[in-house]
Amino acid sequence: MSKSRNTPQANAMWGGRFASGPDAIMSRINASIDFDQRLYAQDIAGSVAHCRMLVSEGIISDADGDAILSGLDTVLQEIESGKFEFKTALEDIHMNVEARLRELIGDAAGRLHTARSRNDQVATDLRLWVRDAVDGIDAQLAALQATLIGLAETQADVPLPGFTHLQPAQPVTFGHHMLAYVEMYGRDRGRFADCRKRLNESPLGAAALAGTSFPIDRKQTATALGFDRPMANSLDAVSARDFALEFLAAAAVCVMHLSRQAEELVIWCSPQFGFIRLSDAYSTGSSIMPQKRNPDAAELARAKAGRIFGALQGLLVVMKGLPLAYGKDMQEDKEPVFDAADNLSLTIAAMNGMIGDLTVVPETMAAALEHGYPTATDLADWLVRVLDMPFRDAHHATGAIVGLAEKKGCALADLPLAAMQDVAPGITEDVFSVLSVSASIESRSSEGGTAVENVRAAVAAARERFL
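Below: a short report on this structure.

Reading the values: rules and limits
- Residues numbered from 1 in each chain as written.
- Predicted model: local features only at pLDDT ≥ 70, side-chain atom pairs only at ≥ 80, totals over all residues.
- Heavy atoms only, no water.
- 1 Å grid on protein atoms, 1.4 Å probe; cavity = no way out; pocket = protein on both sides within 12 Å on 5 of 7 lines; lining within 4 Å.
- Points joined across faces, edges and corners; volume = space filled by probe spheres on them.
- Helix = DSSP H or I, 4+ residues; strand = E, 2+ residues; numbered from the N terminus.
- Nonpolar A, V, L, I, M, F, W, Y, C, P; charged D, E, K, R; others polar.
- Buried < 20%, exposed > 50% of the residue type's maximum accessible area, 1.4 Å probe, protein only.
- Contact = heavy atoms within 4.5 Å.
- Pairing = 2+ DSSP bridges.
- Patch = residues over 30% accessible without salt bridge, like charges linked within 9 Å, V, L, I, M, F, W, Y side chains within 5 Å.
- Areas by Shrake-Rupley, 256 points an atom, 1.4 Å probe, with all protein chains shown as cover.
- Salt bridge = Lys/Arg side-chain N within 4 Å of Asp/Glu carboxyl O.

1. A closer look at the layout of surface pockets
Now for step 1: Empty space within the largest pocket amounts to approximately 560 Å³.
Now for step 2: In terms of lining residues, the largest pocket is bounded by 23 residues, among which G162, F163, T164, H177 and E264 are the most central.
Now for step 3: Every element with two or more residues in the lining of the largest pocket is listed here: β1 (159-164), β2 (167-173), α7 (174-199) and α10 (242-268).
Now for step 4: Of the residues contributing to the lining of the largest pocket, the split by class is 12 nonpolar, seven polar and four charged.

Following this line, the structure appears as structure tokens:
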């Protein structure tokens, strides 16, 4: 004897959670209103532009157009005041808005969907949302750059060990180091700007996939929504999501830069380094160890990278096998975009807060510069410049001199001249003029170098370029 499809036995594969049967499962997997309600402002803006175009082209009457516009304004106010009831049964933001519009103005609401589809509607909404997100992130990155530039200016002459392989390399200044991130975030802003430029075309009017037989004016709606032009191909208009992927790619590169800086903050505020201090505002304690000050904000900023990388990879996988045009798979485009935008925004805000909050500890950086022979390259350069020694020979001789200093347990500047002359007889007292940290920094005056005057000039230039 057959059993009802809605019995618990029939639904064992889905578990007891879906007690009402396959219809409940379909409702859960099909509905997107839980997340795409975030598109309400863009959805209503697109409907307003579409309605006005339909009226201007004589496709719907002035009276119906006025009723629709008035009703859409009411819906917008209801959503923004928290009075609007979003219904899962209506699936998505488009149908929720349309159903409420019909309740408010009656049958005239049904004319709004003339010459469009949910396919071009959602593509338009998401492009508008991503464009707004790009603008917000750009403003945040500019603010972070401003904070970094300000710190670079106040710390333009503070020596800091520069590292390669996390080993002492050459002296730089703290200001110079901060300006490196200003440049990185500047390129991130450029990537987002490029993304914005490419996404700023309107899908509206492409309808389901083939365009429409109504005499619409797509240029009018594109202009009304701030797009540069209508998209040229109706199939592409409804099925393209490369703009979302490009946004996620830019976000991934940006959060990678944020993660690198967060990693340095974690290292620098450790007792082993002690180059900076973070206040209680961006640190936490331990549940068991009362002495601990954990840089949790920096660690979480570092961790957000994995989440945003995952959003990019996830959407790439969703899109990679889809034939033209629209597939329901594309409903999965919004959550990774929303999540990545939210977490990138939060991470930028946290980084800006930490950079503005940190205290530089010059004495520990100066002490660190006493180890690792950071002026060894200056000695090699001196041998090339003064003794006309080929650089490879100078490199070898300097390595031997560093070995002598290691055996004596002293800095290069404290090694006796005679010991150096045992390696390279032509060395004179003048060599000591290049072996100090300050001399090393000031000698790096090539364009983009760490000399203090370079840094101060770079601060001014960065303000001009980025702010």
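2. Details of the environment of T428
Now for step 1: Secondary-structure assignment places T428 in the loop between α16 (417-423) and α17 (437-443).
Now for step 2: The class of T428 is partly exposed, set by a relative accessible area of 39%.
Now for step 3: Distance from T428 to L387, taken between C-alpha atoms, is 9.8 Å for residues 41 residues apart in sequence.
Now for step 4: Every residue in contact with T428, bar those within four places of it in the chain, is listed here: W382 and L417.

3. So, the pairing of β1
Now for step 1: For β1 and β2, the ladder comprises six bridges, and the chain directions are antiparallel. Of the residues in β2, the one forming a bridge with P159 is T173.
Now for step 2: Between β1 and the antiparallel strand that follows it, β2, lie two residues; H165 among them carries a positive phi value of about 60 degrees.

4. As for a nonpolar patch on the surface
Now for step 1: A cluster of nonpolar side chains, contributed by L209, L235 and L324, occupies part of the molecular surface with about 270 Å² of accessible area.
Now for step 2: With respect to the secondary-structure elements, L209 resides in the loop between β3 (201-202) and α8 (218-224).
Now for step 3: L209 gets classed as partly exposed once you look at its relative accessible area, which sits at 39%.

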